[in-house]
Amino acid sequence: MFPIHRYRRLRSNPVIRKMVRETSVSPDDFIYPLFVTCGKGIRKEISSMPGCYQESLDQLAINAKEVYSLGIPSVILFGIPENKDELGTGAYAEDGIVQQAIKVIKDAVPELYVITDVCLCEYTSHGHCGVVAKGDVDNDKTLSLLSLEAVSHAKAGADMVAPSDMMDGRVAAIRAALDQEGFAGTPIMAYAAKYASAFYGPFREAAESTPQFGDRRSYQMDPANRREALKEAAMDIAEGADIVMVKPALAYLDIISDVRNTFNLPVAAYNVSGEYSLVKAAAQLGWIDEERAMMEILTSIRRAGADLILTYFAKEAAKILG
Ligand code: PBG
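Note that the coordinates shown come from a computational prediction; the quantities given were computed from them, not determined experimentally. (Residues numbered from 1 in each chain as written. Predicted model: local features only at pLDDT ≥ 70, side-chain atom pairs only at ≥ 80, totals over all residues. Heavy atoms only, no water.)

**Some points on the site of the ligand**
In step 1: Taken together, 18 residues are adjacent to the ligand, and K194, R204, K247, S273 and Y312 come closest.
In step 2: Contact between the ligand and D117: a nitrogen atom at 3.5 Å from a side-chain N or O atom of the residue.
In step 3: Contacts to the ligand include R204, whose side-chain N or O atom sits 2.6 Å from an oxygen atom.
In step 4: Here the ligand has 400 Å² of accessible area as a free molecule, and 100% of this is covered by the chains.
In step 5: Here the residues of the shell around the ligand sort into ten nonpolar, three polar and five charged. (Near = heavy atom within 4 Å. Polar contact = N/O pair within 3.5 Å; in protein donor to acceptor, adjacent residues only side chain to side chain. Areas by Shrake-Rupley, 256 points an atom, 1.4 Å probe, with all protein chains shown as cover. Nonpolar A, V, L, I, M, F, W, Y, C, P; charged D, E, K, R; others polar.)

**A look at the side chain of E232**
In step 1: By the secondary structure assignment, E232 is in helix 7 (residues 227-238).
In step 2: Buried and without a salt bridge, E232 has R170 as its closest oppositely charged side chain, separated by 5.0 Å. (Helix = DSSP H or I, 4+ residues; strand = E, 2+ residues; numbered from the N terminus. Buried < 20%, exposed > 50% of the residue type's maximum accessible area, 1.4 Å probe, protein only. Lys, Arg positive; Asp, Glu negative; His and termini not counted. Salt bridge = Lys/Arg side-chain N within 4 Å of Asp/Glu carboxyl O.)

**Let's talk about unusual backbone geometry**
In step 1: The linkage connecting F2 with the following residue, P3, adopts the cis geometry, with an omega of 10 degrees.
In step 2: Omega for the peptide link from K247 to P248 comes to -10 degrees, which places this bond in the cis form.
In step 3: Its location among the elements puts P248 in the loop between strand 10 (243-247) and helix 8 (253-262).
In step 4: Phi is positive for K134, close to 50 degrees, though the residue is something other than glycine.
In step 5: Take K134: it is sitting in the loop between strand 6 (131-133) and strand 7 (136-138).
In step 6: Using a relative accessible area of 87% as the deciding quantity, one classes K134 as exposed.
In step 7: Despite not being glycine, M166 has its phi angle at roughly 70 degrees, a positive value.
In step 8: Position of M166 among the secondary structure elements: in the loop between strand 8 (160-163) and helix 5 (170-180).

**Remarks on the packing of helix 2 (residues 57-69) against helix 3 (residues 97-108)**
In step 1: Between helix 2 and helix 3, the least distance of the axes is 9 Å, while the angle of their chain directions is 45 degrees. Overall, the two elements helix 2 and helix 3 adopt an arrangement that is oblique. Regarding helix 2 and helix 3, the two cross each other, and that crossing is right-handed. Contact residues: helix 2 offers L57, L60, A61, A64 and K65, while helix 3 offers I97, Q100, A101, V104, I105 and A108.
In step 2: Grouping the amino acids of the contact of helix 2 with helix 3 by side-chain chemistry returns nine nonpolar, one polar and one charged. (Axes fitted to C-alpha atoms, helices over the stretch in contact; angles between N-to-C directions. Parallel < 35°, antiparallel > 145°, perpendicular 65-115°, else oblique. Left-handed = near helix turned anticlockwise from the far one by under 90°. Contact = heavy atoms within 4.5 Å.)

**A look at the environment of A198**
In step 1: Within the fold, A198 resides in the loop between strand 9 (189-194) and helix 6 (201-207).
In step 2: A198 sits in the exposed class, given a relative accessible area of 74%.

**Some thoughts on helix 4 (residues 139-156)**
Note on helix geometry: an α-helix contains 3.6 residues per turn, so any two residues three or four positions apart are oriented the same way.
In step 1: Under the 1.5 Å per step criterion, the end-to-end length of helix 4 is 26 Å for 18 residues, consistent within 8% with the ideal 26 Å.
In step 2: Helix 4 sits mainly inside the fold: 13 of its 18 residues count as buried.
In step 3: Phi for G157, located one or two positions after helix 4, is positive at around 115 degrees. (Expected span 1.5 Å × (residues − 1).)

**Observations concerning a positive patch on the surface**
In step 1: On the surface, R6, R8, R9 and R11 cluster together into a positively charged patch.
In step 2: Looking at where R11 falls in the secondary structure, it is placed in the segment before helix 1 (14-19). (Patch = residues over 30% accessible without salt bridge, like charges linked within 9 Å, V, L, I, M, F, W, Y side chains within 5 Å. Charge placed at Lys NZ, Arg CZ, Asp CG, Glu CD.)

**Overview of the pattern of salt bridges**
In step 1: As enumerated under the stated definition, the model contains 16 salt bridges in all.
In step 2: The residue D242 makes a salt bridge to R175 at a minimum N-O spacing of 4.0 Å. One end of the pair, D242, is in the loop between helix 7 and strand 10; the other, R175, is in helix 5, and 67 residues separate them in sequence.
In step 3: Beyond isolated ion pairs, a larger network of salt bridges with shared partners links D165, R170 and D236.

If you want it as structure tokens, here you go:
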């Protein structure tokens, strides 16, 4: 091939590099996670996630406006309720913290597309993602509560719901409940391949959702499994998912690629808390160029095949991308 072919020719300056670039990242692809808490005037930085906050409703409205003004079209909401109980009743209360947050955001920025995380772990006293019976999460008992939660989010004005619990059959249950309550037009983004990952550590501080006993390995996927992710995605799609998500993103780029190449639905990837914190920590120590690492990570997730990226970097990246 050489010297006829010289690949360096198309790398020689920024203009030609940009012209032949295969992958792009745009703020249009971003979904920004927000943590809403009770009270007033609260904007508490999450120590393991610099630049991310637990915010009360008033502060959330301000943040939502900023998010939208940066060109980010969408947010996903996580709630920290005042009280937790065995059945996570705060998750499906009409005046629950997320239900209130949806209304506040829709009042402040009607154009912002509001997605809600549908799960019980932030609301249960034991911190598991479902109803605990005999020391384990009872799959089928959990489905009706998740359905109640999804419907209550839709009633409060959510544009899309995103179940993250990993119970079997929850997409079908939620779809049926939404349809029955008059929300046939509300899409479901399923956390289809969600792994039992150490990279959720900082999030659990943020959402105060660390399990009080055991772990989530009896419902979240084993990090070693690749084919199983396709089974999970296929099942969620068969049950009516509109978008399938892979989570985490970075240690699972192969899974994103597999899901992209196997199904013709939009694919989302969750660039999770631990992936964010690693970059922030290394940057604070002066060990890494934060901006370049961030953009390289986001590009890699798009290159692997994700259409949408849930990321704590959304605001910083949007500022750079303009
Ligand atoms: C709720 C949920 C979790 C995350 C999103 N939804 C935590 C978990 O499953 O333990 C993690 C997000 C992140 O780490 O950024 N089930």
